[in-house]
Amino acid sequence: MNLIRKRRNGYALLFVASICLAMWFGAAFMLEAVFIFGVIGAISLMLLVRQCRLLYYAILICDNRILAVPSALISTSDCQMKKSTVETIISTFGILIGNEIYRWGLNGVHGVLLHATQIDQKRIYLTFGDAARTIRVELLHGMTKKQEVLDISQKLLYETGITTDIIGW
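Residues numbered from 1 in each chain as written. Predicted model: local features only at pLDDT ≥ 70, side-chain atom pairs only at ≥ 80, totals over all residues. Heavy atoms only, no water.

Student: Is there a simple way to think about helix H2 (residues 31-63) in this case?
Tutor: Because an α-helix packs 3.6 residues into every turn, residues spaced three or four apart end up facing the same way. Helix length check: H2, at 33 residues, gives a terminal C-alpha distance of 47 Å against a target of 48 Å (1.5 Å per residue), a fit within 8%. Of the positions making up H2, those classed as buried are Ala33, Gly41, Ser44, Leu48, Gln51, Leu55, Ala58, Ile61 and Cys62. Buried-residue contacts for H2 involve helix H1 (2-27), strand S1 (65-69), strand S4 (88-91), strand S5 (94-97) and strand S6 (100-103). (Helix = DSSP H or I, 4+ residues; strand = E, 2+ residues; numbered from the N terminus. Expected span 1.5 Å × (residues − 1). Buried < 20%, exposed > 50% of the residue type's maximum accessible area, 1.4 Å probe, protein only. Contact = heavy atoms within 4.5 Å.)

In structure tokens form, the structure reads like this:
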């Protein structure tokens, strides 16, 4: 989340600097420079708005966390795999893996939905996606007591409406 915040601050600084330079060159009647810095300002404003939205969703996920784990393995329906060793947060609204946000439940039945959750003795498996793409995330949870697993299962059921399959406990 800190990377998202740093990018937002960088885009805000770039936006302010480009607008100030455009105004300064405008006062000096240098129209080419005004146009260039105006375009840079418009692009940085669009990037700033996008980054502010990402930061909002990241804060929403962090504030409504169900579980936080240290690492994740992500696999998609087109057989791509990537490993993340940064903190992963599971929430009612989605999952935050480092600076990537996967949100579910936004567009109803036609949007990205959480399909299944499973917990075994070492990992939690989350499967979510839409009609075009499915993503499976494996998370090392580190829970050693059955009651912790049952509590997380209850939270997932209450917050997302998905029943968790508990395997091997």
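Student: Where do I start with the state of the cysteines in this structure?
Tutor: Formally, a disulfide is one covalent bond, and it connects the sulfur atom of one cysteine to the sulfur atom of another. A full pass over the atoms with the stated rule returns zero disulfides. With no disulfide partner, Cys20 has as its closest neighbouring cysteine sulfur the one in Cys52, 18 Å distant. Classification of Cys20 as partly exposed rests on a relative accessible area of 47%. Its sulfur unpaired, Cys62 is 16 Å from the next cysteine sulfur, which belongs to Cys52. Since its relative accessible area comes to 15%, Cys62 is described here as buried. (Disulfide = S-S within 2.5 Å.)

Student: Help me understand a nonpolar patch on the surface, please; the structure alone is not making it clear to me.
Tutor: Taken together, Leu14, Phe35, Ile36, Val39, Ile40, Ile43, Met46 and Leu47 make up a surface patch of nonpolar side chains, about 720 Å² in accessible area. With seven residues, H2 is the largest single contributor of residues to the nonpolar patch. Mapped onto the secondary structure, Val39 falls in helix H2. (Patch = residues over 30% accessible without salt bridge, like charges linked within 9 Å, V, L, I, M, F, W, Y side chains within 5 Å. Areas by Shrake-Rupley, 256 points an atom, 1.4 Å probe, with all protein chains shown as cover. Salt bridge = Lys/Arg side-chain N within 4 Å of Asp/Glu carboxyl O.)

Student: Would you explain the packing of aromatic side chains in this entry?
Tutor: The tally for this structure, following the rule as stated, stands at five aromatic pairs. Each member of the aromatic cluster is reached from another via a ring pair, and the members are Trp24, Phe25 and Phe37. (Phe/Tyr/Trp six-rings, centres within 6.5 Å; stacked < 30°, edge-to-face > 60°.)

Student: Where do I start with the packing of H1 against H2 in this structure?
Tutor: The angle between the axes and the distance between the axes are what describe a pair of packed helices. At their nearest, the axes of H1 and H2 sit 8 Å apart, and the two run at 155° to each other. Considered as vectors, H1 and H2 are oriented roughly antiparallel to each other. Handedness of the crossing formed by H1 with H2: left-handed. When its residues are assigned to classes, the contact of H1 with H2 shows 21 nonpolar, six polar and three charged. (Axes fitted to C-alpha atoms, helices over the stretch in contact; angles between N-to-C directions. Parallel < 35°, antiparallel > 145°, perpendicular 65-115°, else oblique. Left-handed = near helix turned anticlockwise from the far one by under 90°. Nonpolar A, V, L, I, M, F, W, Y, C, P; charged D, E, K, R; others polar.)

Student: Please explain the sheet that holds S6 as it appears in this structure.
Tutor: Pairing between sheet strands relies on hydrogen bonds along the backbone, with the strands arranged either parallel or antiparallel. Pairing within the open sheet is antiparallel, and its four strands lie in the order S1-S4-S5-S6. Every interior strand has two partners, whereas the edge strands, S1 and S6, have only one. Averaged over all pairs of adjacent strands, the angle between their axes in this sheet comes to 15°, without regard to strand direction. With three bridges joining them, S4 and S5 adopt antiparallel strand pairing. Across the sheet, the residue bridging to Ile90 is Ile95, located in S5. (Pairing = 2+ DSSP bridges.)

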